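Survey of secondary and tertiary structure
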Amino acid sequence: MSRIINVGAAQLGPIAPDESRVSAVNRMIDLLKQAKDRGVKLVVFPELALTTFFPRYYEQDISKMDHHFERGDMPTPETRPLFEKAKEYGIGFYLGYAELTEDGHRFNTSILVDDTGKIVGKYRKVHLPGHSEYDGNRPWQHLEKRYFEPGDLGFPVWRAMGGIMGMCICNDRRWPETYRVMSLKGVEIVMLGYNTPDVNTSAPEPNHLRMFHNHLVMQASAYQNSCFVVATAKAGIEDGCMLIGGSCIVQPSGEMIALATTVKDELITAACDLDLAKMGKETVFNFAKHRRIEHYGIITGQTGVVEPAE
Ligand code: ING
C-alpha cells in the first residue's frame, strides 16, 4: 500500500512589526482553506510565523521583546482558531513561533500537530546564527543569539500521519549534522520554516547566492539523507528588510518538486510518496552497510577548526 501524503508549504508574506497575531493566524487559516481544497494533509508554516522577524531589532533589556513570545503551551488564545480549523479540515501542520517557558527560557521553537489536532512533538532551534551584541556595521541586526537560547531537545523524530517526521528551523538547514541525526533515526520528511534576509549582514555576498545556498543545502541534504524536505519561507519586505521566498518541496532524489514564485502568502503542494525514501536508504545511503564511524569521531568530539602544525 503506497504511502502518498499530500504536503503543502504555506509561505507567508511579510508580517509587519505592528501586525497582530490574529491577523497572521487569519492569513494562515486562509492558506489552510486552500490546502483543504487541494486535498493537502500536512501543511508547513514558516519560522516565527506569528510575528515579524524581531531579531532584526536591538533591545538592551531583552524582556522588552517578550511581547513577541508565546507563553505557556500551545494552543494560545490567538492560535486556537488555527488549531480548530486544521482539526476540522483533518490537516496536520508545522508552526514556528518564539517560545517563553514558565521558568523564563526563550527558544525559537516549532511544533508538529497531526491531522487529529494532537500536538505530536516540539523542536527548539539548535543552530542560532548572527550575534548577541549590537553591531553598528550591519544594516539590520540579526540578534538570535541575544534573544534565544540554543535548543535543548536535540533533533527528535516522530511517527505521525503514516511516516517518520522531523523538524528543524532556518539556519539548522545549513548544517549537515541536522539532517544526519534525524536520518539516523529513519526520518522521511524534514519540515522547516525560515526567515532569511536577502542581504547577508555578516559579510558582503553577491545577492544571487542567497537563493542558491538556500536550495543547495536542502537539495543536497534531501539526497544525502534520502528524505523529503519541506521548507517554508516568511518572505517579502518586513519593515524595509527583504526576506527571500523560494519555499520548496524537495524529494529524496534531491530534485525540487514544488517551488514558490512569489514573496507573498502562497501555498505550494506536492504528492509525496514516502516510499521514494526507501531506495536511497536501502542502497546508496544504506548507513548500516556503508558508514565507517570509526573515522568520524572528530565531528562530535571537536567544535571548531584545529589546523595541522606549521
Ligand atoms: N536566518 C538566516 C538563515 O540561516 C543566515 C540567517 C542567512 C545565516 C544567510 C547565514 C547566511 O537562513 C535565520 N533565521 O536563521
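Residues numbered from 1 in each chain as written. Predicted model: local features only at pLDDT ≥ 70, side-chain atom pairs only at ≥ 80, totals over all residues. Heavy atoms only, no water.

**Quick notes on the overall build of the protein**
Helices and strands together make up the secondary structure of the protein, namely 8 helices and 15 strands. Its C-alpha atoms give the protein a radius of gyration of 19 Å, within 12% of the compact-globule value 19 Å for 310 residues. Relative to its full complement of 310 residues, the protein shows a buried share of 52%. Restricting to contacts in the protein with at least 6 residues of sequence separation, those with at least 24 account for 69%. Total accessible area computed for the protein in this model is approximately 13,800 Å², and 55% of it derives from carbon and sulfur atoms. (Helix = DSSP H or I, 4+ residues; strand = E, 2+ residues; numbered from the N terminus. Rg over C-alpha atoms; globule rule 2.2 N^0.38 Å. Buried < 20%, exposed > 50% of the residue type's maximum accessible area, 1.4 Å probe, protein only. Contact = heavy atoms within 4.5 Å. Areas by Shrake-Rupley, 256 points an atom, 1.4 Å probe, with all protein chains shown as cover.)

**Describing the site of the ligand**
Looking at the ligand, there are 13 residues lining it, with E144, C170, N171, R174 and T196 nearest. Between the ligand and the protein, one listed contact pairs a nitrogen atom with a backbone N or O atom of N195 at 3.0 Å. When the free accessible area of the ligand is taken as 360 Å², the share hidden by the protein chains comes to 86%. More than half of the atoms belonging to the ligand lie within 2 Å of the grid points that define the second largest pocket. Residues that form the shell around the ligand fall into these classes: 3 nonpolar, 4 polar and 6 charged. (Near = heavy atom within 4 Å. Polar contact = N/O pair within 3.5 Å; in protein donor to acceptor, adjacent residues only side chain to side chain. 1 Å grid on protein atoms, 1.4 Å probe; cavity = no way out; pocket = protein on both sides within 12 Å on 5 of 7 lines; lining within 4 Å. Sits in = over half its atoms within 2 Å of the grid points. Nonpolar A, V, L, I, M, F, W, Y, C, P; charged D, E, K, R; others polar.)

**Observations concerning the pairing of strand β4 (residues 92-100)**
β4 sits mainly inside the fold: 9 of its 9 residues count as buried. Note: strand β2 (residues 42-44) against β4, 3 bridges, orientation parallel. The residue bridging L42 from the neighbouring strand is G92, located in β4. Two strands pair when backbone bridges link them, and strand β3 (residues 70-71) and β4 are joined in this way by 2 bridges, in the parallel orientation. In the strand pairing of β4, E70 is matched with E99. By the bridge criterion, 8 bridges tie β4 to strand β5 (residues 106-113) in an arrangement that is antiparallel. The partner of L95 across the bridge, within β5, is I111. Hairpin connection from β4 to β5: 5 residues lie between these consecutive antiparallel strands, with G104 at a positive phi of about 80°. (Pairing = 2+ DSSP bridges.)

**Some words on the layout of surface pockets**
Reported here for the largest pocket is a volume of approximately 700 Å³. Lining the largest pocket we find 20 residues, and of these P176, E177, V181, I299 and T300 sit closest to its centre. Taken together, the elements giving at least two residues each to the lining of the largest pocket come down to α4 (176-183) and α8 (298-301). A class-by-class count of the residues in the lining of the largest pocket yields 8 nonpolar, 9 polar and 3 charged. The volume enclosed by the second largest pocket comes to roughly 350 Å³. For the second largest pocket, the lining is made up of 25 residues, of which H142, N171, R174, N200 and R210 are closest to its centre. Class assignment for the residues of the lining of the second largest pocket results in 7 nonpolar, 10 polar and 8 charged. (Points joined across faces, edges and corners; volume = space filled by probe spheres on them.)

**With respect to the pairing of strand β1 (residues 4-11)**
For β1, the buried fraction is high: 6 of the 8 residues fall into the buried class. Strand direction decides the pairing type here: β1 and strand β15 (residues 266-273), joined by 8 bridges, are antiparallel. Following the sheet pairing, A10 is matched in β15 by L267. Pairing of β1 with β2 involves 3 bridges; the strand directions are parallel. Following the sheet pairing, G8 is matched in β2 by V43. In terms of handedness, the path from β1 via helix α1 (residues 21-37) over to β2 forms a crossover that is right-handed. (Right-handed = clockwise from strand over helix to strand, strands pointing away.)

Coordinates in, geometry out; function isn't part of it.
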